Amino acid sequence: MRPNVRQCFEDCCSGPTGRYHRAVWIDLHSWQWNRPRARVATLTFVAVLAACGGSESSAKTIGELGNGEFVYSCVNPNDGACDTVGSAVFPACVLLGGEFEMDYILHETDAVDDDDFDLFIYVESANQSFFAGNGRYRADRVGFAAMLAREDDQVVDIIHLDIVEAEGIQVKDQSGLVVQGPVEIPRGATVTLDVFASAFGCSPLGGGGPVTASSREPLVATAQGGPSVVIHGEEVGATKVTVGMAGFETEIDVFVTVGPARRKKPGEDVGEGESDESGSDDAGSSETAGTDETAGSDDTTAGTDDGTSGSGG
Amino acid sequence: MRTSTRFLLALGILAAGCQPHYDGLRIRKLNGTGRFSSEGLEIVEGQALAVEVTALSDNPYEDYEEFDIIEMHSFNEHIVLVAPADDIDRFVFVGAAVGESAVEVRINGEDVDTITAIVSPQGAP
């Protein structure tokens, strides 16, 4: 008896691994389960599943012809479709300049002329001036454009997506909360922030894209752009970090508070802060904490409230 | 006229009378954007239209059947792409680039019609 590997595989591991999915499915489909090769197939399957990790970076939606599902996968950490923790949502629109991957899972095998053994379905942009690329796409032009799920010369399914310009940006921390107040960073620690674009009527807005970042006082905190914003607390003090994305900029107040003074050496009883986000709610604590050496109590949470409050006296 | 010639002629007329005679297509929109009108196909660049087509016969005694194969071919796939869809009588039209072209309709391998296809730019009224 052949196990229902296909369904499980689709549920567990879709999106960026679609190519593996097809290969494993075709192999299993053409083999007898009770043959030795099936064991190899099982091992392959398990290995691919293990490689998949979480599937939260992809979301599915039924194609307009209803023959299967388009699978959208985020490639940028600031893709709004993957903004929610634990699950992704198929985007209502795609940000101009945003990148993503698209795959397709066929459900209605009757929809293809070909037999299943050499079935190869791929996604193609209807017009490269809107969605440029192959497998991984970049939205290059504002508009409403189609993607096609094809098998040989057949079009098995279609989907249309809106490409829009950003109307604003939002900065979020790693737990998904919008950064509204100042960001406090213990000296020596690093905080990573994600910047998401937003547009009216487009929630979620897929795509994401590169982020720029600059610090007004690099001696206090450095800021680095890229897929995310990485801020490193250099010295106790305050600065402003300007982050930009999709033509929008915003400023974040950053306070570098007292943090770990030095690394803990073996055998030395010096506290070492590991947290990269300060739990301190009072930015003023940086002034009271000139004695950062005293943070070296048994407590290992230097740089937080516990670590600084004891050193003030 | 010899009897055998008359017989063959009569047989030919009868055979012709037993075949459907093309009188256009009935087109049902399945999904996507774009439309068919008396002018032909109108679609926007970058968008796709899925349709189901049925060949019409003006022979009152003979209609097209399921086994009559309809094919559609674009004269210029760089402007409008036509592809078979998920069933034998279904097709997808894709506006590949702004311009004007035509789609050839074949039934059982025989050219029966040509449909004008206009691909308009996005944002055009």
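In the block above lies the structure referred to throughout.
Now for a quick tour of the structure. (Residues numbered from 1 in each chain as written. Chains lettered and ligands numbered in written order. Predicted model: local features only at pLDDT ≥ 70, side-chain atom pairs only at ≥ 80, totals over all residues. Heavy atoms only, no water.)

As for the overall build of chain A
For step 1, the next point in the chain: Regarding its fold elements, chain A presents four helices and 18 strands.
For step 2, the next point in the chain: The buried share among the 313 residues of chain A stands at 48%.
For step 3, the next point in the chain: Intrachain contacts of chain A at a sequence separation of at least 6 include 65% that bridge at least 24 residues.
For step 4, the next point in the chain: Of the accessible surface of chain A, which amounts to about 14,800 Å², a share of 50% is contributed by carbon and sulfur atoms. (Helix = DSSP H or I, 4+ residues; strand = E, 2+ residues; numbered from the N terminus. Buried < 20%, exposed > 50% of the residue type's maximum accessible area, 1.4 Å probe, protein only. Contact = heavy atoms within 4.5 Å. Areas by Shrake-Rupley, 256 points an atom, 1.4 Å probe, with all protein chains shown as cover.)

A short note on the overall build of chain B
For step 1, the next point in the chain: Broken down by element type, chain B carries one helix and nine strands.
For step 2, the next point in the chain: Overall, chain B shows an N-to-C arrangement of helices and strands of α-β-β-β-β-β-β-β-β-β.
For step 3, the next point in the chain: Taking all 125 residues of chain B together, 38% fall into the buried category.
For step 4, the next point in the chain: In chain B, once contacts between residues fewer than 6 apart in sequence are set aside, the share between residues at least 24 apart is 56%.
For step 5, the next point in the chain: If you sum the accessible surface of chain B, you get close to 7,200 Å²; carbon and sulfur atoms cover 53% of it.

Some words on the pairing of strand β5 (residues 70-74) of chain B
Residues and elements named next belong to chain B.
For step 1, the next point in the chain: Only one face of β5 is covered, namely the one carrying Ile 70, Met 72 and Ser 74; the face carrying Glu 71 and His 73 has none of its residues buried.
For step 2, the next point in the chain: Summarising the sheet, β5 and strand β8 (residues 99-107) pair through five bridges and their orientation is antiparallel. Its bridge partner lying in β8, Glu 71 is registered against Arg 106. (Pairing = 2+ DSSP bridges.)

Details of a negative patch on the surface
For step 1, the next point in the chain: A cluster of like negative charges, contributed by Asp 113, Asp 118, Asp 152 and Asp 153 of chain A together with Asp 63, Glu 65, Glu 66 and Asp 87 of chain B, occupies part of the molecular surface.
For step 2, the next point in the chain: Along the chain, Asp 113 of chain A falls in the loop between β4 (99-106) and β5 (121-125). (Patch = residues over 30% accessible without salt bridge, like charges linked within 9 Å, V, L, I, M, F, W, Y side chains within 5 Å. Salt bridge = Lys/Arg side-chain N within 4 Å of Asp/Glu carboxyl O. Lys, Arg positive; Asp, Glu negative; His and termini not counted. Charge placed at Lys NZ, Arg CZ, Asp CG, Glu CD.)

Considering unusual backbone geometry
For step 1, the next point in the chain: Residue Pro 204 of chain A is bonded to the preceding Ser 203 of chain A through a cis peptide linkage, with omega at 0°.
For step 2, the next point in the chain: Residues other than glycine seldom take positive phi values, yet Ala 246 of chain A does so here, at roughly 50°.
For step 3, the next point in the chain: Here Ala 246 of chain A lies in the loop between β17 (237-245) and β18 (248-257).
For step 4, the next point in the chain: Phi is positive for Asn 108 of chain B, which is not a glycine, with a value near 50°.
For step 5, the next point in the chain: Mapped onto the fold, Asn 108 of chain B is located in the loop between β8 and β9 (110-120).
For step 6, the next point in the chain: Of the residues examined, Asn 108 of chain B reaches a relative accessible area of 45% and is grouped as partly exposed.

Topic: the sheet that holds β5 of chain A
Where strands meet in a sheet, backbone hydrogen bonds hold them as pairs that are either parallel or antiparallel.
For step 1, the next point in the chain: Pairing in this open sheet of five strands is mixed, and the strands run β5-β8-β9-β3-β13 (chain A) from one edge to the other. A strand with exactly one partner marks an edge of an open sheet, and here the two such strands are β5 and β13 (205-206) of chain A.

Regarding the interface of chain B and chain A
For step 1, the next point in the chain: Listed per partner, the contact involves 19 residues of chain B and 21 residues of chain A.
For step 2, the next point in the chain: With both sides pooled, the region where chain B packs onto chain A buries about 1,500 Å², and carbon together with sulfur makes up 55% of that total.
For step 3, the next point in the chain: Between the two partners, chain B and chain A, sit one salt bridge.
For step 4, the next point in the chain: The partner of Glu 45 of chain B in a salt bridge is Arg 141 of chain A, and the shortest N-O contact between them spans 2.4 Å.
For step 5, the next point in the chain: The tally of links between chain B and chain A comes to ten residue pairs in polar contact (both at pLDDT 80 or more).
For step 6, the next point in the chain: Elements that contribute at least two residues to the side of chain B that touches chain A include exactly β1 (22-32), β4 (48-57), β6 (80-84) and β7 (90-95) of chain B.
For step 7, the next point in the chain: Considered class by class, the residues forming the side of chain B that touches chain A number ten nonpolar, seven polar and two charged. (Buried area = accessible area lost by both parts, 1.4 Å probe. Polar contact = N/O pair within 3.5 Å; in protein donor to acceptor, adjacent residues only side chain to side chain. Nonpolar A, V, L, I, M, F, W, Y, C, P; charged D, E, K, R; others polar.)

Considerations on the environment of Arg 136 of chain A
All names here are of chain A.
For step 1, the next point in the chain: Tracing the backbone through its elements, the reader meets Arg 136 in strand β7 (residues 136-139).
For step 2, the next point in the chain: Separated by 113 residues in the primary sequence, Arg 136 and Glu 249 have C-alpha atoms spaced 27 Å apart.
For step 3, the next point in the chain: Those residues in contact with Arg 136 that lie beyond four places of it in its chain are Val 75, Phe 100 and Glu 101.

Regarding the pattern of salt bridges
For step 1, the next point in the chain: Counted according to the given criterion, the structure contains 13 salt bridges over all chains.
For step 2, the next point in the chain: A salt bridge links Lys 240 of chain A to Asp 253 of chain A; the nearest nitrogen and oxygen atoms lie 2.6 Å apart. Within this pair, whereas Lys 240 of chain A is found in strand β17, its partner Asp 253 of chain A is found in strand β18, the two being separated by 13 residues in sequence.
For step 3, the next point in the chain: You can call Lys 240 of chain A partly exposed: its relative accessible area is 27%.
For step 4, the next point in the chain: One salt-bridge network, in which partners are shared between bridges, spans Arg 28, Glu 52, Asp 86 and Arg 90 of chain B.

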